[in-house]
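# Overview (structure and organization)
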Amino acid sequence: MWRDRSPIGPRLASASAWPVDSERPIWRRPTTLDEAIAARVELGDAALVVAGGTWVTLLIQQGLARPAVILSLDRIPGFDGIAVSPEGELSLGALCRLTDVARNPAIRADWSALADVYGIVANERIRNQGTVGGNVCEADYASDPPAALLALDARALVRGPSGERAIPMRDFFRGHYETAIAPDELLTAIVVPPMSIGARAHYLKFTARSSEDRPCAGIFAVVEPAAEDRVLKRVRIAIGAVSATPILFEAVNIELNDGRLADLAGEGATSIDPIADLRGSAAYRRALVRALVPRAIRAALADGAA
Ligand SMILES: Cc1cc2nc3c(=O)[nH]c(=O)nc-3n(C[C@H](O)[C@H](O)[C@H](O)COP(=O)(O)OP(=O)(O)OC[C@H]3O[C@@H](n4cnc5c(N)ncnc54)[C@H](O)[C@@H]3O)c2cc1C
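Residues numbered from 1 in each chain as written. Predicted model: local features only at pLDDT ≥ 70, side-chain atom pairs only at ≥ 80, totals over all residues. Heavy atoms only, no water.

## Remarks on the sheet that holds strand β7 (residues 163-168)
Strands sit in the order β4-β5-β10-β6-β7 across an open sheet of five strands; the sheet is antiparallel. For this open sheet the edge positions go to β4 (82-84) and β7, each flanked by a neighbour on one side alone. Neighbouring strand axes in the sheet, compared pairwise and without regard to direction, differ in orientation by 25 degrees on average. Sitting on the sheet, helix α2 (residues 33-43) is in contact with β6 (155-160) and β10 (186-192), with an inclination near 125 degrees to β10. (Pairing = 2+ DSSP bridges. Helix = DSSP H or I, 4+ residues; strand = E, 2+ residues; numbered from the N terminus. Axes fitted to C-alpha atoms, helices over the stretch in contact; angles between N-to-C directions. Contact = heavy atoms within 4.5 Å.)

Below you can see the structure in the form of structure tokens.
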């Protein structure tokens, strides 16, 4: 029997994964973060954490996960906020919806490329239900926000029984569907530092099948123009969806001409170990990186402020 009512309960109830009622998972819906962490400590891998449920539901319906307990975060207040600190850091609560980020006026003003990234994830239904935390915690390589958060030098705040710690995005993604979050921890927020003065950013998403598809490749470019004309003081590029985890590479004092940008793109293309899947072969992905890196840099410059 379902022990509690849940927004995704009816869909799970029709899943073929549990033919017998007694095998269906027990729902736990803590109302405080401490309670949720205590449940993580108590239950370990027996409990599957659910935020918006867009990914977890698929796992369960396809029989890929059969948790004894579903630990739903939907009743924990205070983790769906978006705030900018006096130091200018942006904080995205783990439970805020992808749509909230895409539409937030402060983010649109000061991190507009980041808002754009959240605005092109999947489709409106997924964006209205999926959460910022769920998107990074699922650690699916074919995702958009991870590359942006890596290029913007964001960090994940996680809380466990021994308190809070911050994990820089470059250390957060460990491999396919694997993150640095310990089994007794929960992600509480993602913090994005302010953009450097004069920096600009742009995200290019390439989908191979439909516009709503997950990316075949995604390039997030942050550029800092130098005082001299046609020189970039610093370029920071994150390449997503081409390998198990997003890849970051940086360059300084770049002359802004086609030859130099092509060289830079070549360095990016050789620095990755691309995977092959239904969206594209490894060679195709390498070619995409060569083509998209210069375009993302030029688009960032054309876009104006980040
Ligand atoms: C049809 C479809 C298309 C998609 N297309 C794209 C796309 O184009 N680009 C893209 O980037 N993504 C895409 N996605 C992925 C989508 O962004 C994620 O499914 C969604 O953001 C996950 O959020 P959620 O809250 O629903 O996570 P859930 O399904 O609730 O959870 C996902 C995972 O995160 C864990 N988790 C959730 N919250 C926490 C937390 N606070 N602490 C610790 N662990 C946690 C869960 O245990 C689970 O393992 C697509 C998904 C679908 C279903």
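## Considering the site of the ligand
The ligand sits among 30 residues. The nearest are V49, G52, T54, T131 and D144. The separation between an oxygen atom of the ligand and a polar side-chain atom of T54 is 2.6 Å. Residue L187 places a main-chain N or O atom 2.9 Å away from a nitrogen atom belonging to the ligand. For the ligand, the accessible surface in isolation is 970 Å², of which the surrounding protein chains cover 90%. When residues of the shell around the ligand are traced back to their parent elements, those giving at least two are β2 (47-50), α3 (56-61), α8 (132-138) and β10. Among the elements that line the shell around the ligand, the one with the most residues is α8, at four residues. A breakdown of the residues in the shell around the ligand according to their chemical character gives 17 nonpolar, eight polar and five charged. (Near = heavy atom within 4 Å. Polar contact = N/O pair within 3.5 Å; in protein donor to acceptor, adjacent residues only side chain to side chain. Areas by Shrake-Rupley, 256 points an atom, 1.4 Å probe, with all protein chains shown as cover. Nonpolar A, V, L, I, M, F, W, Y, C, P; charged D, E, K, R; others polar.)

## Thoughts on the packing of aromatic side chains
All chains considered together, the criterion is met by four aromatic pairs. For the pair W55 and Y177, a centre-to-centre distance of 5.7 Å together with 25 degrees between the ring planes defines the contact as stacked. Of this pair, W55 sits in the loop between β2 and α3 while Y177 sits in the loop between β8 (173-175) and β9 (178-179); the two residues are 122 residues apart in sequence, bridging distant segments of the chain. Ring centres 6.2 Å apart and planes at 65 degrees place the aromatic pair F206 and Y284 in the edge-to-face group. Placement of F206 in strand β11 (residues 200-206) and of Y284 in helix α12 (residues 282-303) is noted, with a sequence separation of 78 residues between them. (Phe/Tyr/Trp six-rings, centres within 6.5 Å; stacked < 30°, edge-to-face > 60°.)

## Quick notes on the sheet that holds β11
One open sheet holds the four strands; their spatial order is β11-β12-β13-β14, and the pairing between them is antiparallel. Looking along the sheet, the strands with just one partner apiece sit at the ends: β11 and β14 (247-255). The average angle at which neighbouring strand axes cross in this sheet is 15 degrees, direction not considered. Bridging between strand β13 (residues 231-240) and β14 involves eight bridges; their strand directions are antiparallel. Across the sheet, residue R234 finds its bridge partner in β14, namely V252. The strands touched by helix α11 (residues 258-271) are β13 and β14; relative to β14, the strand with the most contacts, the crossing angle is about 160 degrees.

## Quick look at the environment of P193
The residue P193 is located in the loop between β10 and β11 in this model. Residue classification places P193 among the buried residues on the basis of a relative accessible area of 18%. Sequence separation between P193 and R236 is 43 residues; the distance between their C-alpha atoms is 14 Å. When near neighbours in sequence (up to four residues on either side) are disregarded, P193 contacts G88, E89, W111, L152, D153 and A154. (Buried < 20%, exposed > 50% of the residue type's maximum accessible area, 1.4 Å probe, protein only.)

## Looking at α11
Structurally, the α-helix is built with 3.6 residues per turn, so residues lying three or four positions apart point the same way. Taking 1.5 Å per residue as the helical rise, α11 with its 14 residues ought to reach 20 Å, and the 20 Å between its terminal C-alpha atoms agrees with that figure. Within α11, the full set of buried residues consists of L261, L264, A265, G266, G268 and A269. Where α11 is buried, its residues contact β13, β14 and α12. Taking the backbone nitrogen of G259 as reference, a side-chain oxygen 3.2 Å away marks N257 as the first, capping residue of α11. (Expected span 1.5 Å × (residues − 1).)

## Describing the domain arrangement of the protein chain
Bring the parts together and some accessible area is lost; that lost area is often taken as the interface size. In terms of domains, the protein chain is made up of domain 1 (9-72), domain 2 (82-192) and domain 3 (200-303). Taking only C-alpha atoms into account, the centre of domain 1 sits 38 Å from that of domain 3. (Domains from an automatic or database assignment.)

## Focus: the pairing of β6
When β6 meets β7, the two strands line up antiparallel, connected through six bridges. Within β7, the position partnered with R159 by the bridge is E164. Joining the antiparallel neighbours β6 and β7 is a turn of two residues. As paired elements, β6 and β10 share five bridges and run antiparallel to each other. The residue bridging A156 from the neighbouring strand is I190, located in β10.

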